Amino acid sequence: MGFIVRKFSRFGLIAILCLAAACATKQPPQRAKAPVGEPVPSVTGLEKALQDYQAIAAKGGWPQVSPNSQDKLQKGSSGPSVTALRQRLAVTGDLAKAGTSNVFDDDVEQGVMRFQERHGLEPDGSVGKETLAALNVTAEERIRQIRVNLAQRETMPKETAPRFVVVNIPDFRLRVIDHGKRVLGMKVVLGQKRQWQTPLLDSQIKYLVLNPRWNVPSGIFAKELIHDLRKDPTYLERHRMKAISTTDGGEVDPATIDWANVSATNPKMRIVQREGAGNSLGRIKFLFPNPYDVYLHDTPMKKLFARNMRALSHGCVRVENPLDLAELLMNDNPEWTREKIQKAIDSGRNRDIPLATPVPVHIIYRTAWVDEKGQVNFREDVYGRDAGMAAEVAPAGKSS
């Protein structure tokens, strides 16, 4: 956790430590229900992809693309690396024809963008480190990846509700599916790779919490906040926080606390960040029962959505456009229009709003799928779950 925290200001520390004690996730389960619709395709689509990639591997796969002397390959570059890039893109259909040119032209740029879109990379049309690494994953590795995702999908029950929310961890995206069609999509920030992984789960969103409060978890208090308080006794006031006695439930004046003598592990108080601007949970929280006590929520750290790798939270799911999601979830309660939700937020008052119809939510883990355009998509195995399952599936290149 420390290497993430040190990159941010002290206010950023409170904002990025997004989860309450409830968000310190337990060990995730091995399976979650498979939703119908995006981003999980039909097994048939992946089976066809498996056959296609097996055929590619049988012909020798694709060439490795070497980095050039510049930082990246981009429009105007030339040389053997561009020749290999053309051949690489042509093998998987991202470029219609490799040709004989060694120049990075408009066609190559468009081909790179198609490849980047299929691999969840920023589609800027140039080949930097991340794109180069994805290009050089072998055909055999992609076959193993497809096999793992086939094995996972085939053993899971299907979601039958007409409308549901699905978060795909390796894709760092949330989608709302209604009668088999995507009606909303957005970026999400998810749990860090090591000890704070977002768990797989199936539940139902039952409440919106407008202007939520943040109860600072004991672990964050012990590891981070107590040190800030010892350096700066005005820290709580500046961050709109208060100390509540666990003995009598009364608010404690921070000026009367000798933080140097407060136990980090048994402080006899809890810290609460007041609702409103700057709250670490933002202005909306989406609650659904689950044994991990995680939830979806807004965040003041909007700049994190600009990153491609968004494994930055402590288990909860930060959503890019919470008001859009809230409006859609409240469709069955016409009283709660977007305008009314916004007005309630602007009031600054903390309140719970039940959904008229609970909406299923699934947090899944898919690194390979076929999208609605029939294109094979791949994502990085961010939590290493595929690697753990690879030995359980048939060796690459063999039919099941």
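For the structure itself, consult the block above.
This is a predicted model, so every value here is computed, not measured.

Thresholds applied
- Residues numbered from 1 in each chain as written.
- Predicted model: local features only at pLDDT ≥ 70, side-chain atom pairs only at ≥ 80, totals over all residues.
- Heavy atoms only, no water.
- Helix = DSSP H or I, 4+ residues; strand = E, 2+ residues; numbered from the N terminus.
- Buried < 20%, exposed > 50% of the residue type's maximum accessible area, 1.4 Å probe, protein only.
- Contact = heavy atoms within 4.5 Å.
- Pairing = 2+ DSSP bridges.
- Phe/Tyr/Trp six-rings, centres within 6.5 Å; stacked < 30°, edge-to-face > 60°.
- Lys NZ or Arg CZ within 6 Å of the ring centre and 35° of its normal.
- Salt bridge = Lys/Arg side-chain N within 4 Å of Asp/Glu carboxyl O.
- Axes fitted to C-alpha atoms, helices over the stretch in contact; angles between N-to-C directions.
- Parallel < 35°, antiparallel > 145°, perpendicular 65-115°, else oblique.
- Left-handed = near helix turned anticlockwise from the far one by under 90°.
- Nonpolar A, V, L, I, M, F, W, Y, C, P; charged D, E, K, R; others polar.
- Expected span 1.5 Å × (residues − 1).
- Bend = angle between axes of the 7 residues up to and from the residue.

### Comments concerning the environment of Arg 270
Inference 1: The topology assignment puts Arg 270 in strand β8 (residues 269-273).
Inference 2: The exposure class of Arg 270 is partly exposed, given its relative accessible area of 42%.
Inference 3: Expressed as a C-alpha distance, the spacing of Arg 270 and Val 216, which sit 54 residues apart in the sequence, is 7.2 Å.
Inference 4: Dropping the residues within four chain positions of it, Arg 270 is found in contact with Asn 215, Lys 242, Ala 243, Ile 244 and Thr 246.

### Some remarks on the pairing of strand β1 (residues 163-168)
Inference 1: By the criterion of burial, β1 is predominantly enclosed, with 6 of the 6 residues buried.
Inference 2: Both faces of β1 are covered, namely the face carrying Arg 163, Val 165 and Val 167 and the face carrying Phe 164, Val 166 and Asn 168.
Inference 3: Both β1 and strand β2 (residues 173-178) contribute to a ladder of 6 bridges, which runs antiparallel. The residue of β2 that forms the bridge with Asn 168 is Arg 173.
Inference 4: Here β1 hands over to β2 after 4 residues, with Phe 172 in that stretch at a positive phi of 55°.
Inference 5: Relative to strand β13 (residues 351-364), β1 is paired through 4 bridges, and the arrangement is parallel. When the sheet's bridge partners are listed, Val 166 is paired in β13 with His 362.

### Things to note about the packing of aromatic side chains
Inference 1: Tallied over the entire structure, the rule returns 3 aromatic pairs.
Inference 2: Plain terms: the ring middles of Tyr 53 and Phe 378 are 5.6 Å apart, the flat faces sit at 75° to each other, and that makes the pair edge-to-face. In this pair, Tyr 53 sits in helix α3 (residues 43-58) while Phe 378 sits in strand β15 (residues 376-378), placing the two residues 325 residues apart along the sequence. Per residue, the accessibility class of Tyr 53 equals that of Phe 378, and both read buried.
Inference 3: Ring pairing ties together the aromatic residues Tyr 53, Trp 62 and Phe 378, which thus form one cluster.
Inference 4: Above the plane of the ring of Tyr 295 lies Lys 285, whose end atom (NZ or CZ) is 4.8 Å from the centre.

### Quick notes on the pattern of salt bridges
Note that side chains of opposite charge can pair when their charged atoms are close.
Inference 1: Enumeration according to the criterion identifies 15 salt bridges in this entry.
Inference 2: Across the pair Arg 379 and Asp 171 runs a salt bridge whose closest N-O atoms are separated by 2.6 Å. On the criterion of sequence distance, the pair formed by Arg 379 in the loop between β15 and α12 (385-389) and Asp 171 in the loop between β1 and β2 is long-range, its members being 208 residues apart.
Inference 3: With relative accessibility at 7%, the residue Asp 171 sits in the buried group.
Inference 4: For Glu 335, the salt bridge identified is with Lys 340, shortest N-O distance 2.6 Å.
Inference 5: For Lys 340, a relative accessible area of 29% translates into the label partly exposed.
Inference 6: Members of the salt-bridge network, linked through shared partners, are Asp 171, Arg 175 and Arg 379.

### So, the packing of helix α4 (residues 80-91) against helix α5 (residues 106-118)
Inference 1: Between α4 and α5, the least distance of the axes is 10 Å, while the angle of their chain directions is 50°. Between α4 and α5, the angle falls in the class oblique. Crossing of α4 over α5 shows left-handed handedness. Contacts between α4 and α5 involve Leu 85, Arg 86, Arg 88 and Leu 89 from the former and Val 108, Gly 111, Val 112 and Phe 115 from the latter.
Inference 2: Of the residues assigned to the contact of α4 with α5, the class counts are 5 nonpolar, 1 polar and 2 charged.

### Considering helix α10 (residues 322-329)
Along an α-helix, a turn takes 3.6 residues, which lines up residues three or four apart on a common side.
Inference 1: For α10, the buried fraction is high: 6 of the 8 residues fall into the buried class.
Inference 2: Along α10, the residues that are buried comprise Pro 322, Leu 323, Leu 325, Ala 326, Leu 328 and Leu 329.

### Side note on helix α8 (residues 218-231)
Inference 1: For α8, with 14 residues, the first-to-last C-alpha span of 19 Å sits near the 20 Å given by 1.5 Å per residue.
Inference 2: Maximal helix bending in α8 amounts to about 50°, located at Leu 225.
Inference 3: Those residues of α8 not exposed but buried are Ile 220, Phe 221, Glu 224, Leu 225, Ile 226, Asp 228 and Leu 229.

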